[in-house]
Amino acid sequence: MVPLKRRKVISSPVGKTDKVTKFPQIVLFLLERKMGASRRDFLRQLGQKKGFRVEETFSESVTHLISESNSGDEVRMWLHSLDGGGARTPVHLLDISWYTESMRAGHPVKILDRHKLKEQQTDETEVVLFSCPSYACQRRTSLENHNTILTDALSLLAENAELSDDEGRALAFRRAAAVLKALDKPVTDVTQLRGLPGLGEHSLTVIKEVLENGTSSEVESTKHSVRYKTLKLFTGIFGVGVKTADRWFRGGIRSLHQLKHSMLSRAQQTGLDHYDDLNQSVTKAEADAISEIVEKAVLDVLPGAQITLTGGFRRGKLTGHDVDLLITHPEEGREQGLMAKVVSWLQSRGFLLYQTTIRNSYLEAKDSPARPASNIDRFEKCFSIFRLSKGEKHGTKQPETLIESGEKTHSHTSNEIKQNKPWRAVRVDLVVSPISQFGFALLGWTGSKLFERELRRWAGQKAMSLSSHALYDNKQLCRDTTQPSVKTTSLACSTSSSPILICVTCRWGRAL
């Protein structure tokens with residue numbers, strides 16, 4: 001069973017009373033869009049101290065919606081995205097200036113024209129605007145991308161930001177690209193995007209330039225940047241992250257050939273030896289073939305165990321950069337010790353060129369369940385480079401061993417890698433989950449990264465905490481260890497991701 005989430009019991013100080021609401025007929029809501037979470041929280045607390053009723057979440061009772069740097073059209077589009085467009089429009093859509101003036105005055109000031117959000121007048125001949133929900137996890141995204149030229153440009157800039165260790169800028173570009181992927185038609189004019197969530201000024205500038213000129217000067221400049229090209233080359237090596245790649249770049253290294261004379265870890269050396277293979281897309285047929293081999297290994301050492309192909313292939317994609325396999329057993333606890341046996345089975349038959357295993361750390365710390373939700377789970381995992389015979393398809397008889405062919409599975413030289421060999425190297429991640437946490441693990445390992453991030457953020461808006469191990473109700477405080485804090489008991493033993501998504505009230509579609 002999933003351990004209970006313990007929370008500190010906070011007793012109310014003697015004599016302390018709730019803040020008095022001086023103006024109960026006025027209900028305010030501060031829109032986080034373009035305002036930011038920290039500033040919004042500060043302004044909300046300030047208003048409450050002044051006696052205003054400022055709601056944390058939007059509801060039908062809100063009478064004044066306060067926004068910063070948004071037009072009336074953008075706010076109405078945001079309202080339309082809530083619950084499929086069923087949200088009622090508040091009586092007043094106001095600029096932040098009305099709020100700050102009211103704070104200074106200590107009471108609601110008179111609403112003037114300059115306080116009202118400006119809305120652009122439109123006619124029937126104007127282009128139809130696109131609309132989509134604010135969170136990526138609420139959108140149904142097709143595998144068919146109608147705006148590839150735009151999303152490719154934004155994705156390249158996001159990648160460059162990640163290589164520069166600028167996570168905030170990278171996330172902004174990723175969110176903008178995700179919005180465009182969700183649109184059911186090609187964008188022909190930047191005005192069609194007015195009011196859409198996740199599109200900042202920088203992204204809109206790039207989109208506008210691509211629509212008008214077919215390309216973006218910033219994108220072209222990035223493509224030809226020596227640093228971008230070099231770091232992209234280095235991070236394509238298995239076991240190499242941005243910091244290591246940047247250190248090599250600053251040390252004057254510019255090519256893979258120069259790295260052959262550097263001190264590399266075993267993972268990096270194996271990744272360098274099989275660079276071309278590991279940077280070649282993995283097909284669905286290859287993923288199925290690997291899944292079949294691993295399934296045979298799993299069932300040989302633990303009959304009745306279950307294996308599921310996750311990642312982009314589970315989302316319907318036909319190619320990917322690696323193969324993710326999730327393993328469990330219907331009987332809780334039977335999965336313990338399984339990973340070592342499976343790895344030993346695969347190694348003894350020559351299927352693994354490299355592997356490293358991380359043990360399950362979820363239950364090692366007493367405060368584990370109470371830790372904040374993280375994008376990184378703590379299941380037992382094996383990160384490996386798999387040796388797959390070329391031409392193998394799902395359903396064909398797999399070899400019992402690769403060592404019988406007489407080929408060595410280690411110490412490959414660069415010359416051997418370049419030769420036409422009857423096998424290729426593929427990145428394979430194996431994950432073992434207890435059946436009680438399988439639904440959460442399945443959801444977490446299906447992706448995409450942005451979908452998972454947005455899902456956790458949306459769960460937070462619903463006063464819940466979601467991780468790859470459990471779903472917690474933040475409103476329910478545990479005063480003793482006999483009280484469950486998981487949202488519903490059935491979710492703790494869920495073997496599917498669907499009930500979790502229903503509980504978080506998201507629309508399940510293709511992830512990005």
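This one's a predicted model, so the numbers in the text were calculated from it and none came from an experiment.

Along the protein chain, the regular secondary structure elements total 19 helices and 13 strands. Per-residue burial for the protein chain yields a buried fraction of 48% across its 512 residues. For the protein chain, the share of sequence-separated contacts (at least 6 apart) that also reach a separation of at least 24 residues comes to 72%.

As summarised here, the arrangement of the 5 strands in space is β6-β8-β11-β10-β9, forming an open sheet in which the pairing is mixed. Unpaired on one side and paired on the other, β6 (306-309) and β9 (352-358) mark the two borders of the sheet. Looking at each pair of strands side by side, their axes are set apart by 25° on average, direction ignored. For β6 and strand β8 (residues 323-328), the ladder comprises 4 bridges, and the chain directions are antiparallel. Its bridge partner being in β8, Ile307 is matched across the sheet by Ile327.

This next bit is on helix α13 (residues 284-301). An ideal rise of 1.5 Å per residue puts 26 Å on 18 residues; α13 measures up with 26 Å between its terminal C-alpha atoms. Where α13 is concerned, the buried positions are Glu286, Ala287, Asp288, Ala289, Ile290, Ser291, Glu292, Ile293, Val294, Ala297 and Val298. Along its buried surface, α13 packs onto β5 (282-283), β6, β8, α14 (338-348), β10 (380-389) and β11 (423-432).

With that settled, the discussion passes to the pattern of salt bridges. Tallied over the full model, the rule gives 26 salt bridges. In this structure, Glu68 engages Arg39 in a salt bridge whose closest nitrogen and oxygen atoms are separated by 2.9 Å. Separated by 29 residues along the polypeptide, Glu68 in the loop between β3 (64-67) and α2 (72-81) and Arg39 in helix α1 (residues 37-49) bring together distant segments of the chain. Owing to a relative accessible area of 34%, Arg39 belongs among the partly exposed residues under this scheme. Across the pair Arg227 and Asp246 runs a salt bridge, and its minimum N-O distance is 3.1 Å.

A few words now on the packing of aromatic side chains. The description of two aromatic rings rests on the distance between their centres and on the angle between their planes. Tallying each qualifying case throughout the model produces 9 aromatic pairs. Both rings, one in Phe29 and one in Phe58, keep their centres 5.6 Å apart while their planes meet at 75°; by these two values the pair is edge-to-face. One end of the pair, Phe29, is in strand β1 (residues 27-30); the other, Phe58, is in the loop between β2 (53-55) and β3, and 29 residues separate them in sequence. The residues Phe29 and Phe58 share a single accessibility class, namely buried. Taking the centre distance of 5.6 Å and the plane angle of 85° together, the rings of Phe234 and Trp248 count as edge-to-face. In this pair, Phe234 sits in helix α8 (residues 226-235) while Trp248 sits in helix α9 (residues 242-250), placing the two residues 14 residues apart along the sequence. Across the pair, exposure class does not vary: Phe234 and Trp248 are buried alike. Geometry around Phe249 places Arg254 over its ring, the cationic atom sitting 3.8 Å from the centre.

Take the side chain of Arg40 next. Within the fold, Arg40 resides in helix α1. The exposure class assigned to Arg40 is buried, which follows from its relative accessible area of 8%.

Position of Gln192 relative to the elements: it lies in the loop between α5 (167-181) and α6 (201-213). A polar atom in the side chain of Gln192 sits 2.7 Å from the backbone nitrogen of Thr188.

Any region with low pLDDT has predicted coordinates that should not be read closely. When pLDDT is averaged along the protein chain, the result is 82; 78% of the residues meet or exceed 70. The low-confidence segment residues 403-417 (pLDDT under 50) makes 21 contacts with residues lying over four places distant or belonging to another chain. Note that residues 477-493 has pLDDT below 50 and, in this model, 41 contacts with residues that lie over four places away or in other chains.

Moving on to the pairing of β8. Taking burial as the measure, the 6 residues of β8 include 6 buried ones, the bulk of the element. Every second residue of β8 is oriented toward a common face, with Val323, Leu325 and Ile327 on one face and Asp324, Leu326 and Thr328 on the other, all of them buried.

Further remarks concern the sheet that holds β2. Backbone hydrogen bonds hold the strands of a sheet together, and the pairing may be parallel or antiparallel. Spatially, β2-β1-β3-β4 is the arrangement adopted by the 4 strands of the open sheet, whose pairing is parallel. The two strands at the open ends of the sheet, each matched to only one other strand, are β2 and β4 (92-95). For this sheet the average axis-to-axis angle between neighbouring strands, irrespective of direction, equals 30°. Of the pairings in the sheet, the one linking β1 to β2 comprises 3 bridges and is parallel in character. Among the inter-strand pairings, Val27 is bridged to a residue of β2, identified as Arg53. Of the strands in this sheet, β1 and β2 touch α1, which is tilted by about 150° from β2. Together, β1, β2, β3 and β4 form the strand contacts of helix α3 (residues 96-105), whose direction differs from that of β4 by roughly 80°.

This next bit is on unusual backbone geometry. Trans peptide bonds make up the majority, and among non-glycine residues the majority have a negative phi. A cis amide bond, omega 0°, links Gly447 with the succeeding residue Ser448. Along the chain, Ser448 falls in the loop between α16 (438-446) and α17 (449-461). The backbone of Lys34 sits at a positive phi, close to 70°, despite the residue not being glycine. Among the structural elements, Lys34 can be located in the loop between β1 and α1.

Another aspect to go through is the environment of Arg227. Mapped onto the elements, Arg227 comes out in helix α8. Separated by 19 residues in the primary sequence, Arg227 and Asp246 place their C-alpha atoms 8.6 Å from one another. If we ignore the near neighbours within four places in the chain, the residues touching Arg227 are Leu163, Ser164, Asp246 and Phe249. For Arg227, the side chain forms a polar contact with the main-chain oxygen of Leu163, separated by 3.2 Å.

Thresholds, definitions, all that
- Residues numbered from 1 in each chain as written.
- Predicted model: local features only at pLDDT ≥ 70, side-chain atom pairs only at ≥ 80, totals over all residues.
- Heavy atoms only, no water.
- Helix = DSSP H or I, 4+ residues; strand = E, 2+ residues; numbered from the N terminus.
- Buried < 20%, exposed > 50% of the residue type's maximum accessible area, 1.4 Å probe, protein only.
- Contact = heavy atoms within 4.5 Å.
- Pairing = 2+ DSSP bridges.
- Axes fitted to C-alpha atoms, helices over the stretch in contact; angles between N-to-C directions.
- Expected span 1.5 Å × (residues − 1).
- Salt bridge = Lys/Arg side-chain N within 4 Å of Asp/Glu carboxyl O.
- Phe/Tyr/Trp six-rings, centres within 6.5 Å; stacked < 30°, edge-to-face > 60°.
- Lys NZ or Arg CZ within 6 Å of the ring centre and 35° of its normal.
- Polar contact = N/O pair within 3.5 Å; in protein donor to acceptor, adjacent residues only side chain to side chain.
- pLDDT = per-residue confidence, 0-100.

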